[in-house]
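# Examination of the molecular architecture
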Amino acid sequence: MAAVTAHRAKRAGAVAAAGAVFLLTGSAQSETVPSYNTYGSPGLIDMPSAEMAPDATIGLSYGRIGDGNRAALSFQITPWLSGTFRYTGIENFDHPASVDGVYYDRSFDVRVQLLRETRLRPAVAIGLQDFVGTGLYGGEYVVATKTLAPGLKVTGGLGWGRLGSYNGFATLGDRSEVVLGEGGVPTYDRWFRGDVAAFGGISWSPNDKLTFELEYSSDDYALESERGGFNHESPYSFGAQYRFDNNAQLGLYYAYGDTLGVQLTFPTNPKTTGVPGGLEVAGVPVKRRAPGSASDLGWTTDLEATERSLEQRMTGNLEREQLELVNVELRPRSATVWLRNPTYGASAQAIGRTARVMTRTLPASVEEFVIVPVENGIPMSAVTMKRSDLEALENDAAVEMLARTSITDAYRRGTPEDLVPFPRFSWEVAPYFDYSGFDPDMPLRIDLGVRAAASYEIRRNLVLSGEIRKRVIGNLDEISRESESLLPRVRTDYRLYAKEGDPFIRNLTLDHYGRPAPDLYSRLSVGYLERMYAGVSGEVLWKPADSRLALGAELNYVRRRAYDGLFGLEENVTVDPVSGIERDIPDVNGHVSGYYAFGNGFHGQVDVGRYLAGDYGATFTLTREFANGWSVGAFATFTDVTEEEFGEGSFDKGILLAIPLSVGTGRPSRTVSRQTIRSLQRDGGARLEVSSRLYDQVRTWHEPDVSNTWGRFWR
Amino acid sequence: MGTILAMNLRTTFSRIGLLALASALIGCSNDPYFEFPVQSVVPGSLRQDEPSGEITPQAIVEILSATDLPVAFFGVPDRGSQALMIRIEQNRPYETFANPERQSVTMRHGMITGTRGLSGDLMSSEEEALLALVRGRRAGQVTYVQRYLTPESVTKVVTYRCGVEPDATVDIAIGLVQDSATEMVAACESPDGPPFVDYYKVSGSGEILASRQWLGKNLGYVAMQMLQR
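This structure is a prediction, so every number in the text was calculated from the model and none was measured.

Another point: the confidence of the model for chain A. When the pLDDT values of chain A are averaged, the result is 91; 95% of them are 70 or greater. Counted against residues more than four places away or in other chains, residues 1-29 of chain A, with its pLDDT under 50, gives 125 contacts.

This is the structure:
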């Protein structure tokens, strides 16, 4: 089954430490994870190889050669395509941008495997290293790797740029030295140009744990030798690598005849990490009706009394499945259950457990089951199935039941009345963490604290909710770096919010949800929408229940919030601390969005519109999603702000990573930890953050998401 | 006296402080479905439920005197866990057995066709052909399919080719089940999973009274003995 899905983070703020799962779980992977190099990609010691990690592998690496520290996050995007994001800090580096002698840089790599290894043929890959931005590590390569005998591999390749800097034997045109834009744009004017040099090496693994490596490098480390303390004595490096039981690997090397190298990588994989099928208890089995009982309509003479006793039994039965009955409507041959799912990340599992409870509680003549999942009081879809199919297919492959289930729009299937009376109040207190990365003064700052959230449902689709946060320990308030912005300071004033807001109200909004027409969903939010902005936000979403495509529109009217994060509002005017120039933040921003599930787990989103600073443009997002709630993606925003106006980085871009809580616990959960890793947050292409956007709420109960989680229908 | 009281007060206050800190760290809510996020830091695989230990003869006597429903014993040697389950539901030939911990095993004439709540569950199987040979105590070659969920929650289908043969005849006297049975051996292979050998003890009426059945890499072999039919 394909794997497109999104599990809504019900309490996006609650998700705190799920990211740490990463480091601890590791995983038993069936395919072998190759050795990583000090750049955090599959390779030898400092050089790349043509190997690919198993599909969907996420590698978290630390590497060091000489004074250069490299932290990398790599992702095997498809079996033949991988990408790496790296953050580098070179110590003792003489550069105007160095802070206390440390030069920081971010880089992106991609690698494409052109040929897979066969018995006779080596694997062949082509790659771009540090291909965006200033290109400190910029280099391109074509490389081949062949396994000669079990455990013995040879790698040989040709490098350009940095990888063609030692002992080059040919030159292909001129390699540009100019930095395009303000950095942060692809360095296409350099690729595969300039000197070409050869590199290669051998790796030998006598057993599963140990690997010995010998490498001939085509990198002469000219920049590090010139500006830092590097001493290139020899092109040869060698070392050994140890693989731990959880697949983590540690390599130690003697490099370039004069220095030491180290590599530590934690691979994990959304496809193989976690408890298969989960640890949760069994659902109730289907109760097959006695033969002939289906024609007994005697109970319909007192429909109301039957319905009342049914409500009670069903509420109790669903509670044992950790589901909530909103209401049930009984007809002689059909029944509709409105359902709230606070528990299951896989929508099909919530539907399956409810259907089984229905077989045990409904009168025998009821043949048609309709389950209407409800989010924020709004019916999301109508899942219709036949009771006799449930009885017949309980012990068959789950797809058999899927083929006999229909998912349609639930417009006008609003609940008759909630069984649990309004208003409803819920609250929670939990820890949180927040971070800020890539500040040269302190590459990673973290706050740990306590968050208190509450939600007050006034009536079915009208919710007042908010969250307040108090830091316990942390250093986010110590950000001191001020940089000039040529735009209204819509995001670059973050440090003032971090400094003065403790405690702060993260959000406090009154949200109204609606179904204005078939296939249409609406939201209106008023209040403190996010940490930096208050205002009004309205959204409509068009999403047919069986469609891979959704379209949405959002319009916002914003007021800048006071730095202390409490109730105060400021004028929409910012003053640049460097230039002293006052600029206006426009009151109105908004986007038109298109969402499309391509299949095979790939999901695309395009948002076109006006951003916070008044710039117009579009954000492109491509995500690979997994049925269990993991997702890895990347986005880039292009607006009418010029590269000079935008400043460092040239345009807004970043990486998205979502890890479901259930990976760590093995228990079902709708909570997903979502992180956005931005190499730099500037004021161009900045979008308002609204936590209650519709798409994820709606798609959970639509195709193709329901089908993608259908394996859990009988779980 | 005053000092002692003061000290007590101070300790009380520091205790309250600690409690407050602890509760803040643990997290709390009026929501019955609230999840404590930091749980996610400890991987589930490290916190699998304690092995439920050995089933005592006493426990078997108790359960058999408490119910007239079919009762079966299950053991998962790889996990060192055992359980007694009572039949709670029947759907045509499929019988579902469960324990109070809400784990369940579904069997067809004593052949396990699915489990729930054991972690790494067998979700379903295509056992028709294999079951026919085993119940008929006949030799032959059949196809047998097991379905599992991967950690990604995608269904993994493993198709086996099994050779089935009858072995010795044995007498069975476990719990309240006394019968003579034929031992059946099924040796299965698949390109998608490890090979295994299942044993079934089949009564003259074609019911499996005891077995050792492979339920996939996560559960390994599971032993079943009917204690009451």
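Here the narrative resumes.
This part is about the state of the cysteines. All names here are of chain B. Here the structure, examined in full by the defined rule, presents one disulfide over all chains. Covalent S-S linkage joins Cys162 and Cys188, the inter-sulfur distance amounting to 2.1 Å. Handedness here is read from the sign of the S-S torsion; for Cys162 and Cys188, about 110°, the answer is right-handed. Taken as a pair, Cys162 in strand β9 (residues 155-174) and Cys188 in strand β10 (residues 177-190) lie far apart in primary sequence, 26 residues in all. One exposure class covers both Cys162 and Cys188, and it is buried.

Here we take up the domain arrangement of chain A. Residues and elements named next belong to chain A. We note that the domain assignment places domain 1 (28-268) and domain 2 (457-706) within chain A. Put simply, the middle of domain 1 and the middle of domain 2, counted by C-alpha atoms, are 35 Å apart. Taken together, the contacts link 20 residues of domain 1 with 19 residues of domain 2. Both faces considered, domain 1 and domain 2 share a buried interface measuring about 1400 Å² in area, 69% of it formed by carbon and sulfur atoms. Three residues, Phe75, Arg106 and Glu182, lead the burial of domain 1 against domain 2; their summed loss comes to 35% of the area buried on that side. Inspection of the region where domain 1 meets domain 2 yields two salt bridges. In this structure, Glu648 engages Arg106 in a salt bridge whose closest nitrogen and oxygen atoms are separated by 3.1 Å. At the boundary of domain 1 and domain 2, one finds three residue pairs in polar contact (both at pLDDT 80 or more). Within the residue set of the side of domain 1 that touches domain 2, elements represented by two or more residues are β2 (68-78) and β4 (103-115). When residues of the side of domain 1 that touches domain 2 are assigned to their parent elements, the largest contribution, five residues, is made by β2.

Let us look at the packing of aromatic side chains. Residue and element names in this part refer to chain A. The full count for this structure, using the stated rule, is 30 aromatic pairs over all chains. Taking 6.4 Å as the distance between ring centres and 65° as the angle between the ring planes, the aromatic pair formed by Tyr166 and Tyr216 counts as edge-to-face. Taken together, the positions of Tyr166 in the loop between β7 (152-161) and β8 (170-172) and Tyr216 in strand β10 (residues 210-216) put the pair 50 residues apart, joining distant regions of the chain. Classification of Tyr216 by relative accessible area gives partly exposed; the value is 22%. Here the aromatic rings of Phe620 and Phe638 are separated by 6.3 Å at their centres, their planes lie at 50°, and the arrangement is tilted. Placement of Phe620 in strand β31 (residues 616-625) and of Phe638 in strand β32 (residues 631-639) is noted, with a sequence separation of 18 residues between them. Among the residues examined, Phe638 registers a relative accessible area of 43% and is labelled partly exposed.

Core analysis: the biggest nonpolar cluster contains 50 residues, and Met314, Leu362, Met385 and Phe713 of chain A have the highest contact counts within it. Apart from residues lying up to four places away in sequence, Met385 of chain A is in contact with Ile351, Ala355, Glu367, Glu368, Phe369, Ile371, Leu390, Met401, Arg404, Thr405 and Phe713 of chain A. Core analysis: the second largest hydrophobic core is formed by 40 residues, Ile112, Leu133, Cys188 and Tyr200 of chain B among them.

Per the stated rule, a full pass over the model turns up 60 salt bridges over all chains. Put simply, Arg147 of chain B and Glu126 of chain B hold a salt bridge, and the shortest N to O gap is 2.4 Å. Placement of Arg147 of chain B in strand β8 (residues 140-149) and of Glu126 of chain B in strand β7 (residues 122-126) is noted, with a sequence separation of 21 residues between them. Each member of the salt-bridge network shares a partner with another, and the members are Glu428, Arg451, Glu467, Arg469 and Arg506 of chain A.

Residues and elements named next belong to chain A. Positionally, Asn507 belongs in strand β23 (residues 504-514). Using a relative accessible area of 10% as the deciding quantity, one classes Asn507 as buried. At 3.1 Å, the side chain of Asn507 forms a polar contact with the side chain of Arg506. Contacts of Asn507, omitting those with residues within four sequence positions, involve Ser465, Gly466, Glu467, Tyr528 and Leu529.

Residue and element names in this part refer to chain B. Here 12 strands make up an open sheet; going across it, the order is β6-β5-β4-β3-β2-β13-β12-β11-β10-β9-β8-β7 and the pairing antiparallel. Each having just a single partner strand, β6 (111-116) and β7 make up the two edges of the open sheet. Geometrically, the sheet is characterised by an average inter-axis angle of 30° between neighbouring strands, direction not taken into account. Relative to strand β4 (residues 94-98), strand β3 (residues 81-91) runs antiparallel, the two being bridged by five bridges. The partner of Ile86 across the bridge, within β4, is Ala98.

Residue and element names in this part refer to chain B. Buried within helix α3 (residues 128-136) we find Leu130, Leu131, Leu133 and Val134. Along the axis of α3, the buried residues cluster in a sector spanning 165°; they form a single face. At the C-terminal side of α3, Arg137 shows a positive phi close to 55°.

Residues and elements named next belong to chain A. Structurally, the position occupied by Arg471 is in strand β22 (residues 462-474). On the basis of relative accessibility, which here comes to 12%, the residue Arg471 falls in the buried class. Side chain to side chain, Arg471 and Asp447 meet in a polar contact 2.7 Å long.

To continue, consider the packing of helix α3 (residues 303-320) of chain A against helix α4 (residues 347-361) of chain A. Residue and element names in this part refer to chain A. Running from N to C, α3 and α4 cross one another at 140°; their axes reach a closest spacing of 10 Å. With respect to α4, the axis of α3 lies oblique. Between α3 and α4 lies a crossing whose hand is right-handed. Residue-level contacts link Leu310, Arg313, Met314, Asn317 and Leu318 of α3 to Thr354, Val357, Met358, Arg360 and Thr361 of α4. Of the residues assigned to the contact of α3 with α4, the class counts are five nonpolar, three polar and two charged.

Here the focus is the environment of Ser525 of chain A. Residues and elements named next belong to chain A. The residue Ser525 is located in strand β24 (residues 520-528) in this model. Its relative accessible area of 0% is what places Ser525 among the buried residues. Put simply, Ser525 and Tyr256 are 269 residues apart on the chain and 60 Å apart in space, counted from C-alpha to C-alpha. Excluding residues that lie within four positions of it along the chain, Ser525 makes contacts with Leu510, Asp511, Gly535, Val536, Ser537 and Ser692. Within the structure, Ser525 has its side chain in polar contact with the side chain of Asp511 (distance 2.5 Å).

The rules behind each value
Residues numbered from 1 in each chain as written. Chains lettered and ligands numbered in written order. Predicted model: local features only at pLDDT ≥ 70, side-chain atom pairs only at ≥ 80, totals over all residues. Heavy atoms only, no water. pLDDT = per-residue confidence, 0-100. Contact = heavy atoms within 4.5 Å. Disulfide = S-S within 2.5 Å. Helix = DSSP H or I, 4+ residues; strand = E, 2+ residues; numbered from the N terminus. Buried < 20%, exposed > 50% of the residue type's maximum accessible area, 1.4 Å probe, protein only. Domains from an automatic or database assignment. Buried area = accessible area lost by both parts, 1.4 Å probe. Salt bridge = Lys/Arg side-chain N within 4 Å of Asp/Glu carboxyl O. Polar contact = N/O pair within 3.5 Å; in protein donor to acceptor, adjacent residues only side chain to side chain. Phe/Tyr/Trp six-rings, centres within 6.5 Å; stacked < 30°, edge-to-face > 60°. Core = buried A, V, L, I, M, F, W, Y, C linked by side-chain atoms within 4.5 Å. Pairing = 2+ DSSP bridges. Axes fitted to C-alpha atoms, helices over the stretch in contact; angles between N-to-C directions. Arc of directions from axis to C-beta. Parallel < 35°, antiparallel > 145°, perpendicular 65-115°, else oblique. Left-handed = near helix turned anticlockwise from the far one by under 90°. Nonpolar A, V, L, I, M, F, W, Y, C, P; charged D, E, K, R; others polar.

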